[in-house]
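Listed below, chain by chain, are the residues.
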Amino acid sequence: MANNNLYIDQKLENPAMRELLVKRKGVDPSNKEEINNVMGSLIGEIVMNARFLTVVSFNKKPVHGTDGTLTLQDNTNLNFTMLNNSSNEHFFPVFSESEELAKWQNVEIEHTIQIGFDAIASMIVSNKNCGGFVINPFSDNMTVSREITLKWLEKKQMMVNGHAQHVISPDSKYEFHSLSPYPMLLSNKLCETAKSLPVNKMWLRGINLEGNDGYLLVVDFTGDRMATFTELGNSAKQFLSNKSLHIIDCKEKFGKIAIENNIPIFSKD
């Protein structure tokens, strides 16, 4: 997270989120069209625009900058407070406004920072024990599961970047197919990029996923998933010819299915 974008211990107001959350509460449950419209606007605001407060502690005290704001020292570790539900699942609590955070009773709040959806999703992806996140747990209590978070992240990445760091369920409707004609320029660019990344092997396949035709890149890697996948995806942009590129980890169940009996396009030997 960029130090200068954390807004440490600063007040947050979120009028757009407040308006949409009020509409969510007041929507007629029998009016499916109204529900879809309100939820579509709310999800769009969460994913594309909104910032949220979250409670955090640091292993080093933040310092005051020349403008009076707090900044983190180098190599500061951030520890986030989590909530458990009745099933003892861990969820990441976020708050749309400062007054929503004030509703959290009997908790020691050392510091707060402001983060957007990408940062929330990144932390959920990197923590397999996290079940998702919950917005305003002491009022609106809007819970977003891990699975839904990853779907929202994928849709945003597809819309903004043209590729996505995908988490595909084996229950998804899919069909693999041969790449004909073979996308040599795409394959060469991916292999060239992989040479400078912590990538061990890669497999490239054609896939029709939920009725949409595209490419599937399965990656055997070490280190930072998001940084590695983003670098690969960005390098592939100009060679996609309006198709989607889904990037997945070879260790995931779907990744193992996809590479079975297939030869990698790249192997760092």
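Everything below is about the structure shown above.
Residues numbered from 1 in each chain as written. Predicted model: local features only at pLDDT ≥ 70, side-chain atom pairs only at ≥ 80, totals over all residues. Heavy atoms only, no water.

Visitor: Any details on the overall build of the protein chain? Residues and values, ideally.
Guide: Along the protein chain, the regular secondary structure elements total 8 helices and 15 strands. Per-residue burial over the protein chain gives 44% buried out of 269 residues. Considering only contacts within the protein chain whose residues lie at least 6 apart along the sequence, 69% involve residues at least 24 apart. Across the protein chain, 27 positive and 31 negative side-chain charges occur, with their mean positions spaced 4 Å apart. (Helix = DSSP H or I, 4+ residues; strand = E, 2+ residues; numbered from the N terminus. Buried < 20%, exposed > 50% of the residue type's maximum accessible area, 1.4 Å probe, protein only. Contact = heavy atoms within 4.5 Å. Lys, Arg positive; Asp, Glu negative; His and termini not counted. Charge placed at Lys NZ, Arg CZ, Asp CG, Glu CD.)

Visitor: Which residues make up the packing of aromatic side chains, and what values go with them?
Guide: Applying the stated rule across the entire model yields 9 aromatic pairs. Residues Phe 117 and Trp 152 carry aromatic rings whose centres are separated by 6.3 Å and whose planes lie at 45° to one another, so their mutual orientation is tilted. Within this pair, whereas Phe 117 is found in helix H4 (residues 117–126), its partner Trp 152 is found in helix H5 (residues 146–161), the two being separated by 35 residues in sequence. Their ring planes at 55° and their centres at 5.2 Å tell us that Tyr 174 and Phe 176 sit as a pair that is tilted. Through pairs of rings, three or more aromatic residues link up here, namely Phe 95, Trp 104 and Phe 138. The aromatic ring of Phe 176 is capped on one face by Arg 205, whose charged end is 4.4 Å from the ring centroid. The ring of Phe 221 has Lys 251 sitting right over it, with the charged end atom 5.3 Å from the ring centre. (Phe/Tyr/Trp six-rings, centres within 6.5 Å; stacked < 30°, edge-to-face > 60°. Lys NZ or Arg CZ within 6 Å of the ring centre and 35° of its normal.)

Visitor: An account of the nonpolar core is needed here, citing residue identities and associated values.
Guide: Within the largest apolar cluster, 30 residues are counted, with the highest numbers of intra-cluster contacts made by Ile 46 and Phe 133. It is H4 that provides the largest number of residues to this core, a total of 5 residues. Those residues in contact with Phe 133, other than ones at most four positions away along the chain, are Ile 46, Phe 91, Phe 92, Val 94, Phe 117, Ile 120, Ile 124, Met 142, Thr 143, Val 144, Thr 149 and Trp 152. (Core = buried A, V, L, I, M, F, W, Y, C linked by side-chain atoms within 4.5 Å.)

Visitor: Run through the side chain of Asn 14, naming residues and quoting values.
Guide: Within the element layout of this structure, Asn 14 appears in the segment before helix H1 (15–26). A polar contact is formed between the side chain of Asn 14 and the backbone oxygen of Ser 96, at a distance of 3.2 Å. (Polar contact = N/O pair within 3.5 Å; in protein donor to acceptor, adjacent residues only side chain to side chain.)

Visitor: Got a sec to walk through the pattern of salt bridges? Specific residues and values, please.
Guide: Where charged atoms from two side chains of opposite charge come close, those side chains can pair. With the rule as written, the count across this model stands at 11 salt bridges. A salt bridge links Lys 23 to Glu 19; the nearest nitrogen and oxygen atoms lie 3.6 Å apart. With a gap of 4 residues between them, Lys 23 and Glu 19 both fall in helix H1, about one helical turn apart. The class of Glu 19 is partly exposed, set by a relative accessible area of 48%. The salt bridge involving Lys 251 is made with Asp 220; its shortest N-O contact spans 3.9 Å. A residue pair is termed long-range when its members are at least 10 positions apart, and Lys 251 in the loop between strand E14 (244–249) and helix H8 (253–259) and Asp 220 in strand E13 (residues 212–221) qualify at 31 residues. Residue classification places Asp 220 among the buried positions, given a relative accessible area of 19%. One connected set of salt bridges, linked through shared partners, spans Asp 220, Asp 249 and Lys 251. (Salt bridge = Lys/Arg side-chain N within 4 Å of Asp/Glu carboxyl O.)

Visitor: With reference to specific residues and values, describe the side chain of His 111.
Guide: Topologically, His 111 is positioned in strand E7 (residues 111–116). A distance of 2.8 Å separates the side chain of His 111 from the side chain of Asp 9, its partner in a polar contact. Discounting chain neighbours no more than four positions away, the residues touching His 111 are Ile 8, Asp 9, Thr 54, Val 55, Val 56, Phe 58 and Pro 62.

Visitor: Report on helix H6 (residues 184–194), specifying residues and quantitative values.
Guide: Where H6 is concerned, the buried positions are Leu 186, Ser 187, Leu 190, Cys 191, Thr 193 and Ala 194. Each buried residue of H6 sits inside an arc of 165° when the element is viewed along its axis, so together they form one side. For H6, the exposed residues set more than 90 degrees away from the buried face come down to Leu 185 and Glu 192. (Arc of directions from axis to C-beta.)

Visitor: Provide a residue-level description of the pairing of E7, including the pertinent values.
Guide: Burial of E7 is extensive: 6 of the 6 residues sit out of reach of the surface. Inspection of the sheet shows strand E1 (residues 51–58) paired to E7 by 6 bridges, in the antiparallel sense. The residue bridging Leu 53 from the neighbouring strand is Gln 114, located in E7. (Pairing = 2+ DSSP bridges.)

Visitor: Outline the sheet that holds strand E8 (residues 130–135), supporting the account with residue identities and numerical values.
Guide: Pairing in this open sheet of 4 strands is mixed, and the strands run E5-E6-E8-E9 from one edge to the other. For this open sheet the edge positions go to strand E5 (83–84) and strand E9 (142–145), each flanked by a neighbour on one side alone. Pairing geometry for E8 and E9, over 4 bridges, is antiparallel. The partner of Val 134 across the bridge, within E9, is Thr 143.

Visitor: Which residues make up helix H7 (residues 225–236), and what values do they have?
Guide: For an α-helix, 3.6 residues make a turn, and residues three or four places apart therefore share a direction. Compared with an ideal rise of 1.5 Å per residue, which puts 12 residues at 16 Å, H7 spans 17 Å between its outermost C-alpha atoms and is within 8% of the ideal. Arg 225, Thr 228, Phe 229, Leu 232, Gly 233, Ser 235 and Ala 236 are the residues of H7 that are buried. Viewed along the axis of H7, the buried residues span an arc of 165°, placing them on a single side of the element. Its side-chain oxygen at 3.0 Å from the backbone nitrogen of Met 226, Asp 224 defines the N-terminal cap of H7. (Expected span 1.5 Å × (residues − 1).)

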